[in-house]
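# Inside the fold
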Amino acid sequence: MRASGMPWHPRERAALLDALAAVGPGAPTCCEGWRSEHLAAHILLRERDPLTAAGIVVAPLARRTERVTQQTGDAAITPQAWSRLLAEVGEGPPWWSPLRLAGDDVQLLELFVHTEDVRRGRGPTTARLLPPGERAALWRRLRLAARGLYRESPVGVVLSPDDLTGEDSRVRRSPVPGSPAHDVIVRGPVGELALHAFGRSAVAQVDVIGHPDAVASIDSGRPRQG
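The rules behind each value
- Residues numbered from 1 in each chain as written.
- Predicted model: local features only at pLDDT ≥ 70, side-chain atom pairs only at ≥ 80, totals over all residues.
- Heavy atoms only, no water.
- Helix = DSSP H or I, 4+ residues; strand = E, 2+ residues; numbered from the N terminus.
- Buried < 20%, exposed > 50% of the residue type's maximum accessible area, 1.4 Å probe, protein only.
- Contact = heavy atoms within 4.5 Å.
- Polar contact = N/O pair within 3.5 Å; in protein donor to acceptor, adjacent residues only side chain to side chain.
- Patch = residues over 30% accessible without salt bridge, like charges linked within 9 Å, V, L, I, M, F, W, Y side chains within 5 Å.
- Areas by Shrake-Rupley, 256 points an atom, 1.4 Å probe, with all protein chains shown as cover.
- Salt bridge = Lys/Arg side-chain N within 4 Å of Asp/Glu carboxyl O.
- Pairing = 2+ DSSP bridges.
- Axes fitted to C-alpha atoms, helices over the stretch in contact; angles between N-to-C directions.
- Core = buried A, V, L, I, M, F, W, Y, C linked by side-chain atoms within 4.5 Å.
- Expected span 1.5 Å × (residues − 1).

Mapped onto the secondary structure, V158 falls in strand β1 (residues 156–161). Owing to a relative accessible area of 15%, V158 belongs among the buried residues under this scheme. On a C-alpha basis, the gap between V158 and V184 in space is 6.4 Å, while along the polypeptide they are 26 residues apart. With residues near it in sequence (within four places) discarded, V158 still touches D168, S169, R170, V184, I185 and V186.

Spelled out as structure tokens, the structure:
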């Protein structure tokens, strides 16, 4: 039984480590250009290298961030280096990192999505059954994050979690108010909605409901996977 108020992101870190250990280095992921070792390197650098982490959100630094991520991952393909990389990821942020005190608000969606990037890198797989508390925690963060993630969508978007009752949320207003032809409903389990919102449409197990033109156009404003 999970104590009330305890964060859920440590559970996702453990799930990520299990997924990485299961596939080993060299495995494909849902992040374009990254194998499993690069995804693990991304998590490590995000938490331990502030300059490299800055390139995740600061465009002028993005090229350097990608180069360091590739180099760090490429150096971790031997059994010993791979084990060391996973051990460091498992330790989480060091004591001096602001992420050390960050809770689910910062870590939960990040770790959940990347766990699924590893699990689904070779194609569709069975979705994990998440505990009710984790589903609720994911949904609270997703409703806020999705407003930014769908901001370039050419159609209105309503997220409809079918594993949470009465929790539909409009995260993008239709560019043509009042026109049902410019709205879509994305329906599925909370975890699958998170994957869709973060640009993993190809592997997200969701139903996109609406006018055929609206459904066909929703991905034109999606973020790049990664």
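Picking up after the structure, the text goes on.
Turning to its location among the elements, T115 is positioned in helix α6 (residues 104–119). In terms of polar contacts, T115 uses its side chain to reach the backbone amide nitrogen of L16, at 3.4 Å. Beyond its immediate chain neighbours, meaning those up to four positions away, T115 contacts E12, A15, L16, A19 and R128.

For the rest of this paragraph, the subject is a nonpolar patch on the surface. On the surface, a cluster of nonpolar side chains totalling about 270 Å² of accessible area is made up of I56, V57 and V58. By the element assignment, V58 lies in the loop between α3 (50–54) and α4 (62–74).

A word on the sheet that holds strand β2 (residues 169–172). Taken together, the 4 strands give an open sheet; going across it, the order is β2-β1-β3-β4, and neighbouring strands pair in mixed fashion. Here the strands that pair on one side only, and so sit at the sheet edges, are β2 and β4 (207–210). The average angle at which neighbouring strand axes cross in this sheet is 25°, direction not considered. The sheet contact formed by strand β3 (residues 183–188) and β4 spans 4 bridges and is antiparallel. Within the sheet, the bridge partner assigned to I185 lies in β4 and is I209. Packed on one face of the sheet, helix α7 (residues 132–149) meets β1 and β2 and runs near 30° to β2. Here helix α8 (residues 190–197) sits on the sheet and contacts β1, β3 and β4; the angle it forms with β3, its principal contact strand, is near 135°.

In terms of nonpolar packing, the biggest core is built from 29 residues, with L142, Y150, V157, L159 and V186 touching the most fellow members. Elements with a minimum of two residues in this core: α6, α7, β1, β3 and α8. Among the elements that make up this core, the one with the highest residue count is α7 (6 residues). Ranked by size, the runner-up nonpolar core spans 17 residues in total, among them A19, L39, A40 and L86.

Now for the pattern of salt bridges. Pairing of side chains with opposite charge becomes possible as their charged atoms draw close. The full count for this structure, using the stated rule, is 18 salt bridges. Between R128 and E12 there is a salt bridge, with the nearest N and O atoms lying 3.0 Å from each other. Here E12 lies in helix α1 (residues 9–23) and R128 lies in the loop between α6 and α7, a separation of 116 residues in the sequence. R13 is the partner of E47 in a salt bridge, and the nearest nitrogen-oxygen pair spans 2.7 Å.

With 16 residues, α6 extends 21 Å between its outermost C-alpha atoms, agreeing within 8% with the 22 Å of an ideal straight helix rising 1.5 Å per residue. Taking burial as the measure, the 16 residues of α6 include 13 buried ones, the bulk of the element.

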